[in-house]
Each structure stands twice: as structure tokens, then as C-alpha cells.
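# Coordinate inspection notes
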Amino acid sequence: MTPAAPDHPRPRSPLHLFIAFTVLALQGFGGVLAVAQRELVDRRRWMTREEFVDAYSVAQLLPGPNVVNLSLMLGDRFFGWRGAFAAISGMLLAPLVLVIVLAASYNQLAGFPAVAGALRGMGAVAAGLILAMALKMLGTLRRNPLGPVLCALLGLTTLVAVTVFRAPLAWVVIGLGTAGWCIARWCIARREHGR
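Residues numbered from 1 in each chain as written. Predicted model: local features only at pLDDT ≥ 70, side-chain atom pairs only at ≥ 80, totals over all residues. Heavy atoms only, no water.

So the rule is basically this: UniProt positions are given in the numbering used here, feature names are shortened, and annotations may be inferred rather than shown by experiment.
Named according to an unreviewed UniProt entry, the chain is Chromate transporter originating from Aromatoleum toluolicum. Checking UniProt for the chain, the heading Sequence similarities (unreviewed entry) contains the comment "Belongs to the chromate ion transporter (CHR) (TC 2.A.51) family." We quote the UniProt Subcellular location (unreviewed entry) comment for the chain here in full: "Cell membrane".

Next comes the structure, spelled out in C-alpha cells:
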């Protein structure tokens, strides 16, 4: 990731990063990606939408949870290894404690219909948040070297490969990621050759 632009706000300290990622993580029932985009881009303005898409693309290719990888990269961007440690600790510590407490009490709570209904409702909300974030991110595709049509085609191909053909995610990322990279390189070379 490139250093933050001077006109963007930055966290005041590694502790500020830790608190921000703790708050972010505690909002992310069923998935924290949409919350991360809202918090880091819209609310705190630590990143532009384009920077978020670029960083998230890299985070998605790395092993491990995407948003944890993103927190690590963003922490490193602002405060080096101390920031990376603070951000990843904030991302993982409170949820870990919460999961341990919930796991310990699950057998007593699972029989209540209200608990089962709440869990189903959170799943629906998480799906809605992911769709909302995807729609917000569509605007960044206009400036992508592939252009919106090729981006949409790659996105639709990915969706069909995963949902219809149930292709393993690793193979889809490797295959379509490589195809997207090759097509992007070709588009960039073609544009530079045309100048």
C-alpha cells in the first residue's frame, strides 16, 4: 500500500488504531467487510474508495481472513509494525473474547426461539451489507484499466463459477485472477502504445 495522501486524516497513534479496529470488529456480525468500507473510507476517511478496493484486492489474495489482512496492511501503512500489531489486535481481541463467552453459553441459549431468529436475521443483514458495499464499490470500476464492461464480465464469470458450478474458490481466484491480470496488462499496454 502506498503511504496515505497528506490531505487524508490519519490515526493519531497505534492506540487510536487499536480502538478503531476494535469498534469496527464489534460491528461486524456476519461479516465486517461492509463495515470496514464504511468506517475506513466514509467515516474516518483514512482511505479513498480506490485505495480501499486496491488494498482489499491484495488482502483477498493473501492467506487468512480478508479484513484481518486489510487491518494489518493499514496498520503498517500508518505506524509500521507497531501499527500493524495494534490494528490486528483490535480486529481480533474483542471478537475472540466475545466468541469464547458465546460458545460457553450457547447450549443454554440455543433452545430459545428468539436466539435462533436473531441469528437468522443477522445473516440476512450481513448479506444486505455485502450487497450495499458491492454497489458502492462499482463506481471505482470506471477508472479501472479494464473498463466497466470487462470488470462486469469478470465479476459475473466469478459469480457463476462459484454459485452455479460450485468451483473451489482457490481455483476461481487463481484462474480468473490471472486472466484479469493478463487482460489488464494487455489493456494498459494497448493504451500506452496508442499514445
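## Points about the nonpolar core
Keep this limit in mind: We call a set of buried Ala, Val, Leu, Ile, Met, Phe, Trp, Tyr and Cys residues a nonpolar core when their side-chain atoms join them within 4.5 Å. Residue exposure (1.4 Å probe, protein chains only): buried if accessible area is under 20% of the type maximum, exposed if over 50%, otherwise partly exposed. What counts as a helix is a DSSP run of H or I of at least four residues, what counts as a strand is a run of E of at least two, and both are numbered from the N terminus. Contacts: residue pairs with any heavy atoms within 4.5 Å of one another.
Of all hydrophobic cores here, the largest spans 31 residues; its most connected members are F21, L24, L40, W46, M47, F52 and M91. Those elements that provide at least two residues to this core are helix 1 (14-26), helix 2 (33-43), helix 3 (49-61), helix 4 (66-109) and helix 5 (113-137). The contacts of L24, once residues within four sequence positions are left out, are V32, V35, A36, E39, L40 and M91. By size, the runner-up hydrophobic cluster in this structure holds five residues, among which are L146, C151, A184 and C187.

## Details of the pattern of salt bridges
Our working definition: Think of a salt bridge as a Lys or Arg side-chain nitrogen and an Asp or Glu carboxyl oxygen that are within 4 Å of each other.
Enumeration according to the criterion identifies six salt bridges in this entry. Linking R43 and E39 is a salt bridge whose minimum nitrogen-to-oxygen distance equals 2.7 Å. On the criterion of helical spacing, the pair formed by R43 and E39 is a turn pair, its members being four residues apart in helix 2. Across the salt bridge formed by D42 and R49, the nearest N and O atoms sit 3.1 Å from each other. Here D42 falls in the partly exposed class, since its relative accessible area comes to 32%. For R49, a relative accessible area of 27% corresponds to the partly exposed category. Sharing partners across several salt bridges, the network here consists of R38, E39, R43 and R44.

## With respect to the domain arrangement of the chain
Quick note on the threshold: Domain delimitation follows an automatic or database domain assignment.
The assigned domain composition of the chain is domain 1 (6-143) and domain 2 (145-195). Between domain 1 and domain 2, the C-alpha centre-to-centre distance is 25 Å.

## Considering the packing of aromatic side chains
Formally: Only centres within 6.5 Å qualify two rings of Phe, Tyr or Trp (six-membered ring in Trp) as a pair; their planes then separate them into stacked at under 30 degrees, edge-to-face at over 60, and tilted for everything else.
Under the definition given, this model contains two aromatic pairs. With a centroid separation of 6.0 Å and 65° between ring planes, the pair formed by W46 and F78 is classed as edge-to-face. Linking W46 in the loop between helix 2 and helix 3 with F78 in helix 4, this pair joins segments that are 32 residues apart in sequence. With respect to burial, W46 and F78 carry one shared label: buried. Taking 6.2 Å as the distance between ring centres and 5° as the angle between the ring planes, the aromatic pair formed by F52 and Y56 counts as stacked. Of the two residues, F52 and Y56 are both situated in helix 3; the distance of four residues between them amounts to about one turn of the helix.

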